[in-house]
Amino acid sequence: MRDLMQHLMKDLDVLGVIFILGLTCYAMRAGGYVLAASMRDDSIAARFLRLAPGNLFIAFIVGGCLSGGLAGLVGTMVALVTMAVTAREWAALGAGFGAALAASTIGL
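Residues numbered from 1 in each chain as written. Predicted model: local features only at pLDDT ≥ 70, side-chain atom pairs only at ≥ 80, totals over all residues. Heavy atoms only, no water.

Student: I'm lost on the environment of A103 in this one. Help?
Tutor: With respect to the helices and strands, the residue A103 is situated in helix α4 (residues 89–105). In sequence terms A103 and F57 are 46 residues apart; their C-alpha atoms lie 24 Å from each other. The residues touching A103, leaving out its near neighbours within four places in the chain, are A71, V74 and L108. (Helix = DSSP H or I, 4+ residues; strand = E, 2+ residues; numbered from the N terminus. Contact = heavy atoms within 4.5 Å.)

Student: Even after reading the chapter, I still don't get the confidence of the model for the protein, so can you show me in this structure?
Tutor: A low pLDDT score tells you not to read the predicted coordinates there in detail. Summarising the model, the protein shows a mean pLDDT of 84, and 94% of its residues fall at 70 or more. Of all secondary-structure elements in the protein, the lowest mean pLDDT belongs to helix α2 (residues 44–67), at 75, while α4 reaches the highest, 93. (pLDDT = per-residue confidence, 0-100.)

Student: Mind showing me how you'd approach the packing of helix α3 (residues 69–86) against α4 here?
Tutor: Geometry of a packed helix pair, given as the angle between the helix axes and the separation of the axes. Packing of α3 against α4 brings their axes to within 7 Å, and their N-to-C directions diverge by 155 degrees. When the axes of α3 and α4 are compared, the pair comes out roughly antiparallel. Crossing hand, α3 versus α4: right-handed. Facing α3, whose interface residues are A71, V74, G75, V78, A79, T82, M83 and T86, α4 presents E89, A91, A92, A95, G96, A99, A100, A103 and S104. Class assignment of the residues belonging to the contact of α3 with α4 gives a composition of 11 nonpolar, five polar and one charged. (Axes fitted to C-alpha atoms, helices over the stretch in contact; angles between N-to-C directions. Parallel < 35°, antiparallel > 145°, perpendicular 65-115°, else oblique. Left-handed = near helix turned anticlockwise from the far one by under 90°. Nonpolar A, V, L, I, M, F, W, Y, C, P; charged D, E, K, R; others polar.)

Student: Hey, could you run me through a nonpolar patch on the surface in this one?
Tutor: Together, F57, I58, I61, V62, L66, L70, L73, M77, L80, I106 and L108 give the surface a local cluster of nonpolar side chains, amounting to about 1100 Å² of exposed area. Ranked by the residues each element gives to the nonpolar patch, the list is headed by α2, at five residues. Position of M77 among the secondary structure elements: in helix α3. The exposure class assigned to M77 is partly exposed, which follows from its relative accessible area of 45%. (Patch = residues over 30% accessible without salt bridge, like charges linked within 9 Å, V, L, I, M, F, W, Y side chains within 5 Å. Areas by Shrake-Rupley, 256 points an atom, 1.4 Å probe, with all protein chains shown as cover. Salt bridge = Lys/Arg side-chain N within 4 Å of Asp/Glu carboxyl O. Buried < 20%, exposed > 50% of the residue type's maximum accessible area, 1.4 Å probe, protein only.)

Student: Would you mind going over α3 with me for this structure?
Tutor: Because each turn of an α-helix spans 3.6 residues, side chains separated by three or four positions end up pointing in the same direction. Between its terminal C-alpha atoms α3 stretches 26 Å, which fits the 26 Å expected from 18 residues at 1.5 Å a residue. For α3, every residue scored as buried is listed here: A71, G72, G75, T76, A79 and T82. Down the axis of α3, the smallest arc covering the buried residues is 135 degrees, so these residues share one side. Of the residues in α3, the exposed ones pointing more than 90 degrees away from the buried face are L80, V81, A84 and V85. One or two residues past the end of α3 sits A87, with phi positive at roughly 55 degrees. (Expected span 1.5 Å × (residues − 1). Arc of directions from axis to C-beta.)

Student: Sorry, what's going on with unusual backbone geometry here?
Tutor: Outside of glycine, negative phi angles account for most residues, and trans bonds account for most peptide bonds. Of note in the backbone geometry, A87 takes a positive phi value of approximately 55 degrees without being a glycine. Topologically, A87 is positioned in the loop between α3 and α4.

Quick look at the structure:
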């Protein structure tokens, strides 16, 4: 019975931490919306925040591309060029994956 109570208390501790984390995330998101709504559209901070999604996307993508070695870099460059020429996401993805596969097959 004692082991059961200890196990139950551990589960309640975990659920408590999950609840507090969820509440904190919700409060931060709601605070961000309130702050963004109160910001002027022509301020420096507003212009910077509009750039943030692209910067974050590039930061995540660069790490993945570089971890793929030369084949990943070739695929990325082909995808970028294809996207610039065709403006079609699926064409760029297909060309990029195909180029990365081809580069990997020949040993790059």
